[in-house]
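For reference, the chains in residue letters:
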Amino acid sequence: MTKQLLLIDGNSIVFRAFFAMHNQMDKFTNKDGLHTAAIYGFKLMLDHVLQNFKPDAALVAFDAGKVTFRTKMYDDYKGGRNKTPDELTEQIPYVRELIKDSGLHSYALANYEADDIIGTLAKKADDAGYKTLIVTGDRDLTQLASEHTTVAVTHKGVTDTEHYTPVHIEEKLGITPRQIIDMKALMGDSSDNYPGVTKIGEKTALKLVKQFGSVEELYDRIDELKKSKMKEHLLADEAIARQCKTLATILQDAPIKIGLADLTYTGPQKDELVKFYQQMDFKSFLKKMGADDVIGEEDNAQIAPIEYTVLTKDNITELNQLTDEVSFYLEMPEANYHTSPFAGFVVGKDGHWFTSRNMDLLKELPLKNLLTSSKIKKNVFNAKAQIVGLHRLGIDLENINFDLLLASYLLNTNDNSNDLGQVAHEHDYYDVQTDEEVYGKGVKRAVPDDDDVFFSHLANKARAIENLRKDLFKKLDENEQTPLYTNIELPLTRVLAKMEIAGIRVDAQTLKDMGSKLTERLAEIENQIYQEAGEEFNINSTKQLGHILFEKLKLPVIKKTKTGYSTAVDVLEKLADKSPIVEQILEYRQIAKLQSTYITGLLKVIHSSDQKIHTRYLQTLTQTGRLSSVDPNLQNIPVRLPEGRLIRKAFVPSHEGWQIFSSDYSQVELRVLAHITGDKNLQEDFKNGEDIHASTARRIFHLDPDAEIDRNMRRRAKAVNFGIVYGISDYGLAQRIHVSRAEAHEFIQNYFHEFPGVKKYINDTIEFARKNGYVETITHRRRYLPDIHAKSFSKRSFAERTAMNTPIQGSAADIIKIAMIHMQDELEKRHLKTKMLLQIHDELVFEAPKEEIPVLSTLVPKVMDSAVKLDVPLKVESKYGDTWYDLKK
DNA sequence: GGTCTCACG
DNA sequence: ACGTACGTGAGACCT
């Protein structure tokens, strides 16, 4: 039997793992605040490799430090690299512990890189007849590929690898592995920071290597090259090329003090690993280990077995045993529950699970009565989806007790997955898989035909809901969030369901007429733009547009993005006087946006059955407690610009003789700020019914109490007020109101001097977040801020700004949610025909019969301004009209 | 799938 | 010296 050796490039894999998980770094912090993404990624890679390759010997090689024989030869070797982030450095010792506990050896050697250790051992292994697998994130190591040595280079993430063998390299590049060194010597390496020959890149290097075979041979036969710039460069840079070849060559005879005999792979040390995973908070690995011992390594074998009864017309009376409390789950495979097909359902309690694909059974009395009963408690996942889904089937789901999704969101807004399995896993419950695991993803996603697979999954879901209920209720209680759940979020779910089901009538013809006009106008501007540009191009492509503006027309570059020139509004506005094309582009953008997002976009989502749009409000998504609206988003219908505002003409009442009625809170966030901070001056201004931006201007610009406030001053003060709520910086304010940074700084200083309570609040809140790791709103809604301790200035600053903003924005969200619940109660209690249709953060939109308008005019403001009792009054303004566009006081 | 831009509060 | 205001969703392009 051939012996097998596994060699892992520790540094490069750790790097890869760290950056692969970088975007979800928050998730990878253990309870001590240690970042664990790289450790986790390393472990994933290790598992993946060991699944396919069973080594007899294994080693993870690390760099010993910055100084190596290469830096001694070439000062700038690996120069210019960014400093390794602290969040990564802190993980290295733990990665080494993981390696040890996993039964692998690790090794570093002063003066040499990990590459050289790997090269040397690969050579020894080759000589001793081993089969070797090298795992790395660095293409350079592919030069080590040989008949017995394969180099696996991570492709994307850490488990997706490309295997380099001599054959693969021949196919890909047409050269041998050793010739990769010559290629690199000629082209240089920007990440290792050595130059290669001037003007020679990958293409030319490859050509030369194929022609001559090696750098040495190339210089021996350089006369064969015709006179050219390239030849001049080659001759001029000969010394560099030869030196780069040495730099690029991985040693195969480094003076390492270990041999193959020292590398025996012993397999994982389970007890140690369990302790380690516990320390790291790696719950899923822990679970896997526990299950591995008893059941084996099958993925789904982890899940505790479950029994279920397939429900039929004949046995449906068995449901009559369920009299106090059940878990229920209606499976709708598509995200949009207004239109999704129904795949099946499960109902039951305490090990008795009844499931079926037959939706007709829901209409059978034993089940229908159970669902509509106000006596029997229902425990569900995503109550709103269940209410809407069952409503489509003619069933009113009553007495919802526990919503796993909602409770989980309140406990931690970061756990905002809409997948039951994932949410369960967040709470350390693993006896249910995710939908992706069972149904697949992308085009392959489908509810399985196999009844047992599907029904087991449904039963697992119902069981998960039941098993997590107590635990989550307890956690809500510990966080003082039970009233938030019971009195606000859960009742709100029902209100939102009603609004979504009601939908808002949208007149397609109005949109189409506007669309034709826009199309015409768009064609005109398009032509003007092509004229100015002197050629046709895709105006929607920022890349092509950037080329035209900044290269062809040579307009000054104001701002760059990661990938090219910025062409955003603020940039174009600064260029407006340079060329007429700029204004044409601005107009084109404005109209194109209306056309694509609001004309075609909305037309696509009008239901043909009722001419209405039924949005979905996401109640468990935002970090602050606001709602969001999708499919379509009805919270960003144009209003600011007159052209866009016309879109609102298409939003009409659904009955003849009805009108649209709307009420909004004025300056609710600033009022919340006044309340939360307890600032006496700010509170006084609101209590006196002042125009708050004007009175702010008066204070921060030190004006007389009866002085005229000109528009510009009020505008600036308004910007300062907004800035305060968002966590201001002088730079940001200066940008926004076009003043110098020094002036902006002075405005802010004046503000804090005039409103000392606000200043104190900001400091206290950041302090609270540092101490507790979270901030909260007036209803104890929480947002965790792990980055409050980040070493990176910008991350930490961001966390600090959100720390102060979230209680403001979130409390405002709390207030309108309470108002919505009260409002819906009032509408029902008074038997009004009026329907609440939309919520836009500080605004509620209704449709109402004309005769109810006078009632609403007093009722809605009364309900809204009395939703909570703050230290300052809340102010509500109402408007109504024949369409959403025509609203008037 | 990521990036850019732009619509709203 | 850092890098620059909070919260969202959607369409278009490009890799």
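Residues numbered from 1 in each chain as written. Chains lettered and ligands numbered in written order. Predicted model: local features only at pLDDT ≥ 70, side-chain atom pairs only at ≥ 80, totals over all residues. Heavy atoms only, no water.

As recorded by an unreviewed UniProt entry, chain A carries the name DNA polymerase I and is attributed to Limosilactobacillus rudii. Per UniProt, the comment on chain A under Sequence similarities (unreviewed entry) is "Belongs to the DNA polymerase type-A family." (UniProt positions renumbered as here; feature names shortened; annotations may be inferred.)

Moving on: unusual backbone geometry. For residues that are not glycine, phi is negative in most cases, and the peptide bond is trans in most cases. The peptide bond linking D631 to P632 adopts the cis configuration, its omega dihedral lying at 0 degrees. Looking at the secondary structure, you find P632 in the loop between strand 16 (628–630) and helix 26 (642–645). For E480, which is not glycine, the phi dihedral falls at a positive 55 degrees. By the secondary structure assignment, E480 is in the loop between helix 20 (451–478) and helix 21 (482–502). Positive phi values are uncommon outside glycine, yet D631 reaches one of about 55 degrees. By relative accessible area, which is 37% here, D631 ends up partly exposed. (Helix = DSSP H or I, 4+ residues; strand = E, 2+ residues; numbered from the N terminus. Buried < 20%, exposed > 50% of the residue type's maximum accessible area, 1.4 Å probe, protein only.)

Spatially, 21-22-18-23 is the arrangement adopted by the four strands of the open sheet, whose pairing is antiparallel. Of all strands in the sheet, those with a lone pairing partner are strand 21 (835–839) and strand 23 (876–881), marking the two edges. Sheet twist, expressed as the average angle between the axes of neighbouring strands with direction ignored, equals 25 degrees. (Pairing = 2+ DSSP bridges. Axes fitted to C-alpha atoms, helices over the stretch in contact; angles between N-to-C directions.)

Under the defined criterion, the tally for this structure stands at 43 salt bridges. Between D324 and K349 there is a salt bridge; the shortest N-O distance is 3.2 Å. Note that D324 is positioned in the loop between strand 7 (309–310) and strand 8 (325–331) and K349 in strand 9 (residues 344–349), a separation of 25 residues in sequence. The class of K349 is partly exposed, set by a relative accessible area of 29%. The salt bridge involving E767 is made with R770; its shortest N-O contact spans 3.4 Å. You can see E767 and its partner R770 sitting in helix 33 (residues 756–772), three residues apart, about one turn around the helix. Classification of R770 by relative accessible area gives partly exposed; the value is 35%. The structure contains a network of salt bridges with shared partners spanning E489, R781, D814 and K817. (Salt bridge = Lys/Arg side-chain N within 4 Å of Asp/Glu carboxyl O.)

In this section: the domain arrangement of chain A. Domain assignment breaks chain A into domain 1 (4–262), domain 2 (308–479), domain 3 (507–605) and domain 4 (670–807). Just the C-alpha atoms count here: the centres of domain 1 and domain 4 sit 51 Å apart. (Domains from an automatic or database assignment.)

Turning to the packing of aromatic side chains, a few remarks are in order. This structure, assessed with the given rule, holds 19 aromatic pairs. The interplanar angle of 35 degrees and the centroid separation of 5.8 Å between the aromatic rings of F454 and F455 together place this pair among those described as tilted. For the pair formed by F454 and F455, the shared burial category is buried. Taken together, the ring pairs connect Y308, Y439, F454 and F455 into an aromatic cluster. Of note, R782 hangs over the ring of Y774, and the distance from its end group to the ring centre comes to 3.8 Å. (Phe/Tyr/Trp six-rings, centres within 6.5 Å; stacked < 30°, edge-to-face > 60°. Lys NZ or Arg CZ within 6 Å of the ring centre and 35° of its normal.)

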